[in-house]
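Chain and residue survey
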Amino acid sequence: MNSPRDMEQLNWLTASQAAQGIREGKFSAEDLVQSCIAQIQAREPEVQAWAHFDAEHAVTQARRADAWRSAGKPLGPLHGIPVGIKDIIDTGDMPTEYGTPIHSGRNPWHDAKVVELLRTAGAVIMGKTVTTELATYAPGKTRNPHNTDHTPGGSSSGSAAAVAAGMVPLALGTQTNGSLIRPAAFCGVFGFKPTRGLISRQGILRQSEQLDQPGGFARNIEDIALLGEVLSAYDPDEPGMSPRANVPMLRVCKDEPPMPPKLALIKTPWWSQLETDTREGYGELAEYFKEHVGEFVLPDSAAAVLDWNRTIMEADIAANYEAEYERGADKLSVSLKEQIERGRSVKAVDYLKALARIPMVTEALDEIFDRYDAILTPAVTGAAPLGLESTGSPMYCTLWTFCGMPALNLPLLQAGNGLPVGVQLVGRVGDDARLLRTARWLVESVK
């Protein structure tokens, strides 16, 4: 990989391929970063994935990475790899503005824990990707890179679009409802929402302490495993995390399953709301894997999770965004003001009842994994909707987010209009590595 044409295409390498190339001296971190910069300059005018991007600062980091390697110092697993950071995650060397003019010019002094871990692993922090307003529903400026007349989803819109457009091989996002899986599905990339509590939330905008879950985007499943392994280090300052051995996600992901996986097809109570071609796509997928797929029917009462999740989320939004509402309500979107106002009216008894449902529902779903390795279920209703006024419905993500279960988007389907449609794979709480292994098996079997 040393011709000018190859060097121009470095931005399309996976993170694993790029890290290996840098370690072996086939190209430098600066070569890789320059290729990503060229792609950003070419596509950013139409995709608009970045809230903050400073090419010179990115190159400075890359040169520092190359000097480190030239000095013979040990290299981390992401040495020289460009990563995009959702603009609700603090970075000590660039702004973090939360997608709202209320926080314009905000410059934190310290990195979030996940950014600190990325830097320790050798990553180059390319910039801040666009988020919806305070990571809720009001869209940012980002467009779907496959067709810019369509939404990229949200709230981690810029991160998903940047990876899909070849601007960076990896990017971070967060999910409180469907904010990671949905944009991954619409943009046609792999998205990972790990088990709640696996990754530290220190230095990340708090929307809902009970539901917020960081994760990431990549263009293949091995990169998702690599990123997840780097980010899952124990943080003693993060409530809910416990000391544990490092999870060997990449090794387990690459292992062959000891037995052919069994998948539970769960249509959910909202199956009828799938678009026709998406429903047909799931039917074809189930038929293709018929020896490995069995249908599991959730009770109709599972639909109540949408209300329980909203009760928790909106009450927490009202509490956590009180300062923004009190000082800058005129600068907030109508949808966010309505969420805050509904959250302010939530009764304590209803909030506590909804919280109490989390372990109950999680335990009820746990019996599925006595028979199946993973749940196969929709990620979205269909392809990314036309227009930029909405980020699409998160309903197919809500149940799994509510329970804190690990979930993946796999870009396996395509709508009739040519846009990607994601397939969601969900695992048992704490079983992230084996979920990744099952996902790799599934993706390679489809090929």
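Residues numbered from 1 in each chain as written. Predicted model: local features only at pLDDT ≥ 70, side-chain atom pairs only at ≥ 80, totals over all residues. Heavy atoms only, no water.

This brings us to the environment of Trp270. Here Trp270 shows up in the loop between strand 7 (263–265) and helix 10 (276–288). Once the C-alpha coordinates of Trp270 and Thr174 are considered, the two residues, 96 residues apart in sequence, prove to be 24 Å apart. Residue contacts for Trp270: discarding those within four places in its chain leaves Ala302, Ala303, Leu306, Met395 and Tyr396. (Helix = DSSP H or I, 4+ residues; strand = E, 2+ residues; numbered from the N terminus. Contact = heavy atoms within 4.5 Å.)

Among the five residues of strand 2 (residues 82–86), five are classified as buried, and the element is accordingly described as predominantly covered. The side-chain alternation of strand 2 yields two buried faces, one formed by Pro82, Gly84 and Lys86 and the other by Val83 and Ile85. Two strands pair when backbone bridges link them, and strand 2 and strand 3 (residues 124–129) are joined in this way by five bridges, in the parallel orientation. From the neighbouring strand, Gly84 faces strand 3, where its bridge partner is Gly127. Tracing the backbone out of strand 2, into helix 5 (residues 113–120) and back to the parallel element strand 3 gives a crossover that is right-handed. Relative to strand 4 (residues 170–175), strand 2 runs parallel, the two sharing three bridges. Bridged to Val83 within strand 4 is Leu170. (Buried < 20%, exposed > 50% of the residue type's maximum accessible area, 1.4 Å probe, protein only. Pairing = 2+ DSSP bridges. Right-handed = clockwise from strand over helix to strand, strands pointing away.)

All right, on to the sheet that holds strand 1 (residues 50–53) then. Strand order in the open sheet formed by 11 strands is 1-3-2-4-6-5-10-11-9-7-8, and the pairing between neighbours is mixed. Pairing within the sheet leaves two strands with one partner each, and these edge strands are strand 1 and strand 8 (293–295). Looking at each pair of strands side by side, their axes are set apart by 30° on average, direction ignored. Both strand 10 (residues 407–414) and strand 11 (residues 420–426) contribute to a ladder of six bridges, which runs antiparallel. Pairing of Leu413 across the sheet is with Val421, part of strand 11. (Axes fitted to C-alpha atoms, helices over the stretch in contact; angles between N-to-C directions.)

The next point concerns the pattern of salt bridges. Under the counting rule described, the total for this entry stands at 22 salt bridges. One salt bridge in this structure joins Arg106 and Asp90, with 2.9 Å as the shortest N-O distance. One end of the pair, Arg106, is in the loop between strand 2 and helix 5; the other, Asp90, is in the loop between strand 2 and helix 5, and 16 residues separate them in sequence. When its relative accessible area of 24% is taken as the criterion, Arg106 is described as partly exposed. For Asp90, a relative accessible area of 10% translates into the label buried. Here Glu326 makes a salt bridge to Arg344, at a shortest N to O gap of 2.5 Å. One end of the pair, Glu326, is in helix 12 (residues 322–328); the other, Arg344, is in helix 13 (residues 334–344), and 18 residues separate them in sequence. (Salt bridge = Lys/Arg side-chain N within 4 Å of Asp/Glu carboxyl O.)

Okay, the confidence of the model for the chain next. Per-residue confidence for the chain gives a mean pLDDT of 96; residues scoring 70 or more make up 98%. Confidence over residues 1–5 falls short of pLDDT 50; this stretch has seven contacts with residues more than four positions distant or in other chains. (pLDDT = per-residue confidence, 0-100.)

Now for the environment of Thr381. Structurally, the position occupied by Thr381 is in the loop between strand 9 (374–378) and helix 15 (395–403). Spatially, the C-alpha atom of Thr381 lies 19 Å from that of Arg143, the residues being 238 residues apart in sequence. The contact partners of Thr381, leaving out residues within four places of it in the chain, are Gln273, Leu274, Glu275, Thr278 and Tyr396.

Take the packing of helix 14 (residues 348–366) against helix 15 next. Packing of helix 14 against helix 15 leaves a shortest axis separation of 8 Å and a crossing angle of 100°. Taken together, helix 14 and helix 15 sit at an angle that is classed as roughly perpendicular. Where helix 14 approaches helix 15, its residues Ala354, Arg357, Ile358, Val361, Thr362 and Leu365 are matched on the opposing element by Leu399, Trp400, Phe402 and Cys403. For the contact of helix 14 with helix 15, a count of residues per class yields eight nonpolar, one polar and one charged. (Parallel < 35°, antiparallel > 145°, perpendicular 65-115°, else oblique. Nonpolar A, V, L, I, M, F, W, Y, C, P; charged D, E, K, R; others polar.)

In this section: the packing of aromatic side chains. Tallying each qualifying case throughout the model produces six aromatic pairs. Where Trp270 meets Tyr396, the ring centres are 6.5 Å apart and the plane angle is 90°; that geometry is what we call edge-to-face. Taken as a pair, Trp270 in the loop between strand 7 and helix 10 and Tyr396 in helix 15 lie far apart in primary sequence, 126 residues in all. You can call Trp270 buried: its relative accessible area is 7%. When the ring of Phe289 is compared with that of Trp441, the centres are 5.6 Å apart and the planes differ by 50°; the resulting orientation is tilted. Taken together, the positions of Phe289 in the loop between helix 10 and strand 8 and Trp441 in helix 16 (residues 432–446) put the pair 152 residues apart, joining distant regions of the chain. Per residue, the accessibility class of Phe289 equals that of Trp441, and both read buried. Put simply, the rings of Tyr288, Phe289 and Trp441 pair up and form one aromatic cluster. (Phe/Tyr/Trp six-rings, centres within 6.5 Å; stacked < 30°, edge-to-face > 60°.)

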